[in-house]
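Observations on the three-dimensional arrangement
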Amino acid sequence: MDDRSYSIQINDETYHAVQGQSILDVAESHDCYIPHICKHPNLLPIQTCDTCMVEVDGQLVRACATASEPGMRVNTKSEFVKEAQLEAMSRILRNHELYCTVCDNNNGNCVVHNTAEYLEIEHQKYEFKPKPYPPDLSHPMYRYEPDQCILCGRCVEACQDLQVSEVLSIDWNRESPRVIWDNDVPIDQSSCVSCGHCVTVCPCNALMEKSMLGEAGYMTGIPADVLEPMINITKEVEPGYKEIFAVSEVEASMRKSRIKRTKTVCTYCGVGCSFEVWTKGRKILKIEPQVEAPVNGISTCVKGKWGWDFVNSEERLTKPLIRKGDKFVEASWEEALTFISNKLNELKGKYGPDSIGFIASSKCTNEENYIFQKFARSVIRTNNVDNCSRYCQSPASMALMRTVGYSGDSGTIQDIASAGLVIVVGANPAESHPVLTTRVKRAHKLFGQKLAVVDLRKNELAQKANLHLHPKPGSDLVWISAITKYIIDQGWEAKEFLEARVNGYDEFVQSLQKYTLDYAEKVTGLSKEDMIKLATMIHEADGTCILWAMGVTQHVGGTDTSTAICNLLLVTGNFGRPGAGAYPLRGHNNVQGACDFGTMPAWYPGYQPVQDAKARARFEEAWGVPLPKDPGFNNHQMVEGIFEGKIKAMYLFGEDMAVIDSNINHVDSAFEKLELFVVQDIFFSKTAHFADVVLPASPSLEKDGTFVNTERRIQRLYKVFEPLGESKPDWMIIRDLANKMGANWNYTHPGEIMAEAASLSPMFAGVSYERLEGWNSQIWPVQPDGKDTPLLFTERFPFPDGKARLIKVDWTPPMFEPTQEFDLHLNNGRLLEHFHEGNMTYKAKGITHKVPNPWLEVSPELAEERDIRNGALVRLSSPYGEVEVRVLVTDRVKGNELYLTMNTSKDKKSVNRLTSSYHDKLTHTPNYKEMGVKMDILEREGEPPLPPVNYRFGNRQPQMGVKVEEKWQRDDWISIPDLLGTGGQADGQSDFQH
Amino acid sequence: MAKAISNIERYVPTPEEEKQQAIQQVLDAVGENHQALITLLDIVKELQEIGVLDIVQGALKNRHDIGVIAVSQLNKPGMHRIMKNGMNALQFMGKLEPAKLQNILNAVDHGIERLTDTKSDKPMGLMGMGRAMMEPNVTLALGSMINFLRGMGEGMQQAEKQVH
């Protein structure tokens, strides 16, 4: 035992405790049950329910909020304790009718039900009184029923301090307190971001998913005019709650056979949330997050919680399609695969294997990416295989590989949460990585974490930040280098770390000479004071994490700017320690995994270079064929290769390249030249319009597999549904096509593919489906014995001498300079509510109700100058194309900087009609963020593109937690120890400051 | 040279084909379960003959109305009392020890036999009663009755306390 641990006694049993643990924590960690309702494992103590009262030295205290102390003696079972707990439970039932058997929340996990049953509540001590408020059904996805609300405040704590949307509160000062949204407006009109935290933590049925109502129970679909008298009868004749519980338990266990609960991993962003999907037949009843989920716990965002309607959409492809003349005709799998196989063989014979290009999918599993690159390399014999990381994160990956050696986040979400300082550069994680951002917002609000945001837009995190800097577009490398130089000039560099663990320091310092604060001020437009302020924040912080994304990478100098970030972190010693490091926020659920498992032109799975003879020999031996020696084409080179006549056929799965690539007018005309184009998708995507054969694939809920999230964490997803119609999981399609071409692969389950990948890649040596069972996960690199690596570089960097490398970089000015014609800067990016081109999220009615359209953000200054208002229709044109969109005037953008949301596949609104084919010089990632455009006004005003029911128009009410003190100050409240005449500290005082 | 097209010619089965497919599925199921179905049909025939099916049909067709009537009938104080008393009675039955109850019921049975015994039909008279008090069987039964009354009194006292 160290000095922070000791033992305490609970009911005469001795338990080991650690400093900082409450009595409840200690009890729970030893499977000693103390009833509690308002305390949730992912939330701080709330102290509203009082059901966890226990006796310490003759005094009643709340177990959730009383810190354990050495030698403490706790009694949880005395008559006295029982009386107090019963009183607390009775007070709760004054606010909650028990009609469990006909309640949709009676699924075995209802906290109120289970606690009341444990306490052997027999009768209603205080009469139940309905609250004078109707249920709020305004929100499309969930409801609030005040009559069932026990006022525990879990929802408020989750909203205020975990999600930190700061929308919900309890108004303790009215006669009948209730939960209110903003300053008491209907939910749909509030600033609620629909993340679902409140619904998930609700311990009863007050907040419920509408998709559950009338669906979960056998008798919950009964119409109200029958149900209400039934509830009344039950109450009138009830012989005691015990009997009610007996019946409801039987009913709850009957539900088990028809409600299936399956663990999955979210298919949207790269954060890697996992949760259960509850289904009845093909109907999704709800997404139910679990405390055990390693990344998110019970957190979700609007897409993960509600964005699954696409799976059962009528627009899903269910049969293979073959182009015949000017239309697609349905075909059998046999016909389609024979057609593709013949055509691929023919073209390969005629033009050689390198005339065929393969685009993999960051939406699909590791196993699918592995088998796809194996198909390209071993069946077709080409390295022309790439994935969509080329459009986003390749520059960050390249920068990490050349400085610290591993292309991934340095640590986990826990490191981000525990950092002293978080710097966000060129990213809007509150919308693009919402759950990860909750941990930053929480640490910033509750635990004193410092936050700096450097971004063109005043996004949500920028609004909360201690420091928000707005540099000129594309100038990040300059201020980062200037800050690095300033830190070195001040003597604040991490001398020992640099000495022991980093190469190239002296040359690097030399290369920084020109990045003086004066120079940086001139180039970036940031003031010297602000840059010094940020440098000082880094110097003073106990661990700095830098988070960056497309605002950095999608530039002509994207790799160099990413490298400058790594250099800064190296100079300040922010690698290889907890609460620090580089975090390139991966955009898709499996963009990390697609790269990890080898769908890249120069790398085999596990980042083994195709040019490395030893690595190649290993794969040749395993696959039994000679493999091509030289790296293949990347996405960009494939498109150019089509124009040059080098690429004649393409096979693409799970990627909408005709929307997502830059300069899509150019890309479209490339696709038109292909002799064979195979597109495999769940929908008839824009890209599929150009195909010769379209193959119907299955989404994540219809298959087994694994994803790797932004933390390098490998997690399993399990099949929820059978594939719809004749669609198939991508790995099966690729396997079947390979076999049609003579490969003779007999994979029957993705686990076998993972076993093969692990056996060939030292980085994944110990990865196995058995070790990944259920909520378990592994963070690569994984040793053969299964030991994983949550935090990288603690001992060495993966270079021959174990040392990191400082890399000299120079600034490449962005290719945007306002001209007379193209006078406005166009920025673009994601939205919270929609994902990518929107083909999944727009299928969710509730989400589309919140955000039905893309829009263009225009600053108030520019709107005034051009005399346009909200809803104005404008045409943006660049040398490459044009779009027509409606305007949202907002101060999130400044001056002549525009922001176009990218989540649409509508031709006339897609940002990539405007972007160019210029790219990062090292990785060929397009410079999506360096566009000059012209704005023509078509209508000066009109219907705003964003309806007023959007959270962006809400009125947030930040506060610390649920403000239980206000409850304790009410005249009608008396503390339970006072009531029982025992004193005690439960009058509101506690050891836990909120 | 493949231009973008969005025209999909879907094979849509005709209503006739869909019907044919559905009939085939039904026939397959019938083939697999013919024995059970024959038995079921026999039961259905009997139910039809005695008119049960008509009643069930009527009830199902009007299930919502009937449901509303039924619960509103049940949701009246008298019905509440019936249900509650029923449940209390059931609970009471649950508390009784079967072995003890059986002894007592056997004794009662025996008593009833004596009661209906025609031989002892003549009036007993005060003296006769006095003498009977001396009989061990009678004192045992009376003593038991008095103990029963004691217990009941105790129970009544406790109930009083709980009320206040």
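Parameters at a glance
Residues numbered from 1 in each chain as written. Chains lettered and ligands numbered in written order. Predicted model: local features only at pLDDT ≥ 70, side-chain atom pairs only at ≥ 80, totals over all residues. Helix = DSSP H or I, 4+ residues; strand = E, 2+ residues; numbered from the N terminus. Rg over C-alpha atoms; globule rule 2.2 N^0.38 Å. Buried ≥ 20, exposed ≤ 12 C-beta atoms within 10 Å, placed from the backbone. Contact = placed C-beta atoms within 7 Å. Pairing = 2+ DSSP bridges. UniProt positions renumbered as here; feature names shortened; annotations may be inferred. Axes fitted to C-alpha atoms, helices over the stretch in contact; angles between N-to-C directions. Parallel < 35°, antiparallel > 145°, perpendicular 65-115°, else oblique. Left-handed = near helix turned anticlockwise from the far one by under 90°.

To continue, consider the overall build of chain A. Looking only at helices and strands, chain A has 33 helices and 37 strands in total. The C-alpha radius of gyration computed for chain A amounts to 29 Å, which stays within 12% of the reference 30 Å derived for 994 residues, consistent with globular compactness. Expressed along its principal axes, the backbone C-alpha trace of chain A runs to roughly 90 × 70 × 65 Å. When the 994 residues of chain A are sorted by exposure, 57% land in the buried category. A sequence separation of at least 24 residues applies to 74% of the contacts in chain A between residues at least 6 apart.

In this assembly, 23 residues from chain B lie in contact with 26 residues from chain A. Mapped by element, the contributors of at least two residues to the side of chain B that touches chain A are β1 (8–9), α4 (63–74) and α5 (77–95) of chain B. A per-element tally of the side of chain B that touches chain A places α4(B) first, with six residues. By the bridge criterion, two bridges tie strand β14 (residues 327–330) of chain A to β1(B) in an arrangement that is parallel. Bridging across to β1(B), A:Val329 finds its partner in B:Glu9.

With that settled, consider the UniProt feature "domain: 4Fe-4S His(Cys)3-ligated-type" (unreviewed entry) in chain A. UniProt feature "domain: 4Fe-4S His(Cys)3-ligated-type" (unreviewed entry): in the numbering of this structure it lies at residues 80–120 of chain A. Across residues 80–120 of chain A, the secondary structure splits into 54% helix and 0% strand, with the terminal C-alpha atoms separated by 15 Å.

Cross-referencing UniProt, the feature "domain: 4Fe-4S Mo/W bis-MGD-type" (unreviewed entry) maps to residues 259–315 of chain A in the present numbering. Taken end to end, residues 259–315 of chain A has its terminal C-alpha atoms 26 Å apart, with 9% of it in helix and 33% in strand.

Attention now goes to the sheet that holds strand β25 (residues 649–653) of chain A. The strand order across the open sheet formed by eight strands is β16(A)-β15(A)-β25(A)-β26(A)-β27(A)-β13(A)-β14(A)-β1(B), and the pairing between neighbours is mixed. Two strands in the sheet have a free side with no partner beyond their single neighbour: β16 (385–386) of chain A together with β1 of chain B. Across the sheet, helix α10 (residues 366–380) of chain A is in contact with β15 (356–359), β16 and β25 of chain A; its angle to β15(A) comes to roughly 165°.

What follows deals with the packing of helix α6 (residues 224–237) of chain A against α4(B). At their nearest, the axes of α6(A) and α4(B) sit 9 Å apart, and the two run at 20° to each other. One finds that α6(A) runs roughly parallel with respect to α4(B). In this structure, α6(A) meets α4(B) at a crossing whose hand is left-handed. Residues A:Asp225, A:Val226, A:Pro229, A:Met230 and A:Ile233 of α6(A) form the contact with α4(B), whose own contacting residues are B:Gly67, B:Val68, B:Val71, B:Ser72 and B:Leu74.

On to the environment of A:Gly961. Residues and elements named next belong to chain A. Relative to the elements of secondary structure, Gly961 occurs in the loop between β37 (931–939) and α32 (964–968). Of the residues examined, Gly961 has 20 C-beta atoms within 10 Å and is grouped as buried. When the C-alpha atoms of Gly961 and Leu469 are compared, they prove to be 30 Å apart, with 492 residues separating the residues in sequence.

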